Amino acid sequence: MRIGIDLRPAQKKNSRRRGVGKYTQQLVQALLDASAGHDFLLYTLKGCAIDLKGKFQSRPIFYLHRAARLNWVIDWFLLSHYLNVDRLDLFHYTDALSLPPRKRCRTVVTVYDLIPLVFREETVQNVPRDFLWALERAYDRLHIADSIVTISSFSAHDIANRLGIDRELLQVIYPGANPLLNPFEASLARQLVAERYGIRLPFLFYVGGTDFRKNLLRLVDFFAHICKQGFAGDLVLAGETFQFSIPEVLRLKRRIGRNDLEDRVKFPGYVPDEHLSWFYSGAVCFIFPSLYEGFGLPLLEAMKCGAPALVSRASCLPEIGGDAALYFDPEDVASMVSTFLEFYESPRLAEEMKSRGMARARRFSWEKAAAQTHQLYKRLIKGQASAHRK
């Protein structure tokens, strides 16, 4: 099979360190590891290094680094052209925005979630309107795909209901956790965090974005409550966007200031994968108050590293965490506080959660995701060949 895959989300500055970029990088690497002799043509950003091992060819695509809002226009023309020239059996769009009006071969599209539709008012405030318009038009074109991959049953249900997509067109393939993430002994992990990042008190850990749905203002209010009730540690908020002077981060820091928590909330910025295990393994717990996730990759990472996980019961998170996490109502700070106290006052529960979490995380792997993705490719291409014979 000659298979094309869009690697560019793993290279673009606005996505390479977020869930979409990590998904693309890890899935493609797993497919290359289990290639079974297939020819892979990776569509990449022109002039950008490719951090992958294995046998593949690349198709560099022109990219406007500064005027990024116009790239969806370029995609409509360039991708259609190259797909016609490259004579692929199948192309996998890892970003639905790039889906052109007409397909040139068997087509798979990954749709992670419908956050821009679910939180449209908030999205409009932070995303150019023409970009949002282009994304909505891409959703309208999903019917041309031969299969739509999504990353949880929750997302599949949401996509089917909100976009009127036939459920049979949707294929749920769970991601895995980064293979570089592994549990550390807790005391060693805390020592490494202290030496490298200067965080020496016990800490609660959050890693991820800063947009509205992450629910970080309530997380700060929750932290203020438990501090008043005697918790003597810090709250660590990790992620690249915490370093930016953007409205959502400025609002968050004002909330921190109003609660007199400036010395208790730490911002290590972007934490590389080789250090992320330290934070997960050394934390009192991982806390994730999100209002909506397509999968919630940090939850899986936390469980893999043995961090007790306290998470929102919204969207797909109970589907991913199962009985290995404790859940709270993300819109109720009192619920967050009571759930934390139930956990914090029971060392036995903390140990049980650690054990359950690591067992739960083993159910998800990139090897399994690659095998399921390969079977999907094979089924679609075989179907095309059968149709041609008829």
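Residues numbered from 1 in each chain as written. Predicted model: local features only at pLDDT ≥ 70, side-chain atom pairs only at ≥ 80, totals over all residues. Heavy atoms only, no water.

Chemist: Give a detailed account of the overall build of the chain, specifying residues and quantitative values.
Modeler: Helix and strand counts for the chain stand at 15 helices and 13 strands. Whereas a compact globule of 390 residues would reach a radius of gyration of roughly 21 Å, the chain reaches 22 Å, a difference of no more than 12%. Each of the 390 residues in the chain was classed as buried or not, and the buried ones make up 55%. Of all intrachain contacts in the chain linking residues separated by at least 6 positions in sequence, the fraction that spans at least 24 positions is 68%. Accessible area for the chain stands at about 17,900 Å²; split by element, carbon and sulfur atoms hold 50% of it. Measuring between centres, the 53 positive side-chain charges of the chain sit 6 Å from its 42 negative side-chain charges. (Helix = DSSP H or I, 4+ residues; strand = E, 2+ residues; numbered from the N terminus. Rg over C-alpha atoms; globule rule 2.2 N^0.38 Å. Buried < 20%, exposed > 50% of the residue type's maximum accessible area, 1.4 Å probe, protein only. Contact = heavy atoms within 4.5 Å. Areas by Shrake-Rupley, 256 points an atom, 1.4 Å probe, with all protein chains shown as cover. Lys, Arg positive; Asp, Glu negative; His and termini not counted. Charge placed at Lys NZ, Arg CZ, Asp CG, Glu CD.)

Chemist: A description of the sheet that holds strand E4 (residues 90-93) should follow, citing residues and the corresponding values.
Modeler: Backbone hydrogen bonds hold the strands of a sheet together, and the pairing may be parallel or antiparallel. Judged by pairing direction, the sheet is parallel, and its seven strands sit side by side in the order E3-E2-E1-E4-E5-E6-E7 without closing on themselves. At either margin of the open sheet sits one strand with a lone partner, and together these are strand E3 (57-61) and strand E7 (170-172). Each neighbouring strand pair of the sheet contributes to a mean axis angle of 25°, computed without reference to strand direction. Bridging between strand E6 (residues 147-150) and E7 involves three bridges; their strand directions are parallel. Bridge pairing in E7 places Ile 148 opposite Leu 170. This element, helix H6 (residues 153-163), spans E6 and E7 of the sheet and lies at about 165° to E7. (Pairing = 2+ DSSP bridges. Axes fitted to C-alpha atoms, helices over the stretch in contact; angles between N-to-C directions.)

Chemist: Outline a nonpolar patch on the surface, listing residues and values.
Modeler: Nonpolar side chains collect at one region of the surface, where Leu 70, Val 73 and Phe 77 lie side by side and expose about 290 Å² of accessible area between them. Its place among the elements puts Leu 70 in the loop between E3 and helix H2 (71-86). Given a relative accessible area of 45%, Leu 70 falls into the partly exposed group. (Patch = residues over 30% accessible without salt bridge, like charges linked within 9 Å, V, L, I, M, F, W, Y side chains within 5 Å. Salt bridge = Lys/Arg side-chain N within 4 Å of Asp/Glu carboxyl O.)

Chemist: With reference to specific residues and values, describe the sheet that holds strand E13 (residues 325-328).
Modeler: Taken in spatial order, the six strands make up an open sheet running E10-E9-E8-E11-E12-E13, and their pairing is parallel. Edge positions in the sheet fall to strand E10 (265-269) and E13, since each of these pairs with one other strand and no more. The sheet shows a mean angle of 25° between the axes of neighbouring strands, direction not considered. Inspection of the sheet shows strand E8 (residues 203-207) paired to strand E11 (residues 285-288) by two bridges, in the parallel sense. What sits directly across from Leu 204, in E11, is Cys 285. In this fold helix H10 (residues 273-282) packs onto E8, strand E9 (234-238), E10 and E11, with an angle of close to 135° to the strand it touches most, E8. Against the sheet, helix H11 (residues 297-304) engages E8, E11 and strand E12 (309-312), with an angle of about 170° to E11.

Chemist: Quick rundown of the packing of aromatic side chains? Include the residues and the values.
Modeler: By the definition in use, this model includes 25 aromatic pairs. Residues Phe 119 and Phe 212 carry aromatic rings whose centres are separated by 5.7 Å and whose planes lie at 65° to one another, so their mutual orientation is edge-to-face. Taken as a pair, Phe 119 in the loop between helix H3 (115-118) and helix H4 (120-126) and Phe 212 in the loop between E8 and helix H8 (216-228) lie far apart in primary sequence, 93 residues in all. Residue classification places Phe 119 among the buried residues on the basis of a relative accessible area of 13%. Owing to a relative accessible area of 47%, Phe 212 belongs among the partly exposed residues under this scheme. Seen from their ring centres, Tyr 206 and Phe 288 are 6.0 Å apart, and the 25° between their planes marks the pair as stacked. Taken together, the positions of Tyr 206 in strand E8 and Phe 288 in strand E11 put the pair 82 residues apart, joining distant regions of the chain. Tyr 206 sits in the buried class, given a relative accessible area of 0%. Owing to a relative accessible area of 0%, Phe 288 belongs among the buried residues under this scheme. Members of the aromatic cluster, connected to one another through ring pairs, are Tyr 197, Phe 203, Phe 205, Tyr 206, Phe 242, Phe 267, Phe 279, Tyr 280, Phe 286 and Phe 288. (Phe/Tyr/Trp six-rings, centres within 6.5 Å; stacked < 30°, edge-to-face > 60°.)

Chemist: Talk me through the nonpolar core; I want residue IDs and the actual numbers.
Modeler: With 94 residues, the main nonpolar core has Leu 204, Phe 205, Phe 222, Phe 223, Tyr 280 and Phe 286 as its most contacted residues. In terms of residue count, the dominant contributor to this core is H8 (eight residues). Setting aside its immediate chain neighbours within four residues, Phe 205 contacts Val 236, Ala 238, Leu 276, Phe 279, Tyr 280, Ala 283, Cys 285, Phe 286 and Ile 287. Residues Leu 83, Leu 97, Val 109 and Tyr 292 belong to the second largest nonpolar core, which totals 33 residues. (Core = buried A, V, L, I, M, F, W, Y, C linked by side-chain atoms within 4.5 Å.)

Chemist: So what about the pattern of salt bridges? Which residues, and what values?
Modeler: A full pass over the atoms with the stated rule returns 16 salt bridges. The partner of Glu 136 in a salt bridge is Arg 120, with the nearest N and O atoms 2.7 Å apart. With a gap of 16 residues between them, Glu 136 in helix H5 (residues 129-140) and Arg 120 in helix H4 connect regions that are remote in the sequence. The structure contains a network of salt bridges with shared partners spanning Arg 18, Asp 211, Arg 213, Lys 214 and Glu 293.

Chemist: Lay out the side chain of Thr 373 with the relevant residues and their values.
Modeler: Position of Thr 373 relative to the elements: it lies in helix H15 (residues 366-389). Relative accessible area serves as the criterion here: at 1%, Thr 373 is assigned to the buried category. With near-sequence residues (within four places) excluded, Thr 373 lies in contact with Leu 27, Leu 31, His 92 and Ile 173.

Chemist: Explain H8 residue by residue, including any values.
Modeler: Because each turn of an α-helix spans 3.6 residues, side chains separated by three or four positions end up pointing in the same direction. Here H8 spans 19 Å end to end across 13 residues, near enough to the 18 Å set by a 1.5 Å rise per residue. The complete set of buried residues in H8 reads Leu 216, Leu 219, Val 220, Asp 221, Phe 222, Phe 223, Ala 224, Ile 226 and Cys 227. Tucked inside the fold, the buried residues of H8 contact E8, E9, helix H9 (247-258), E10, E11 and helix H13 (333-344). (Expected span 1.5 Å × (residues − 1).)

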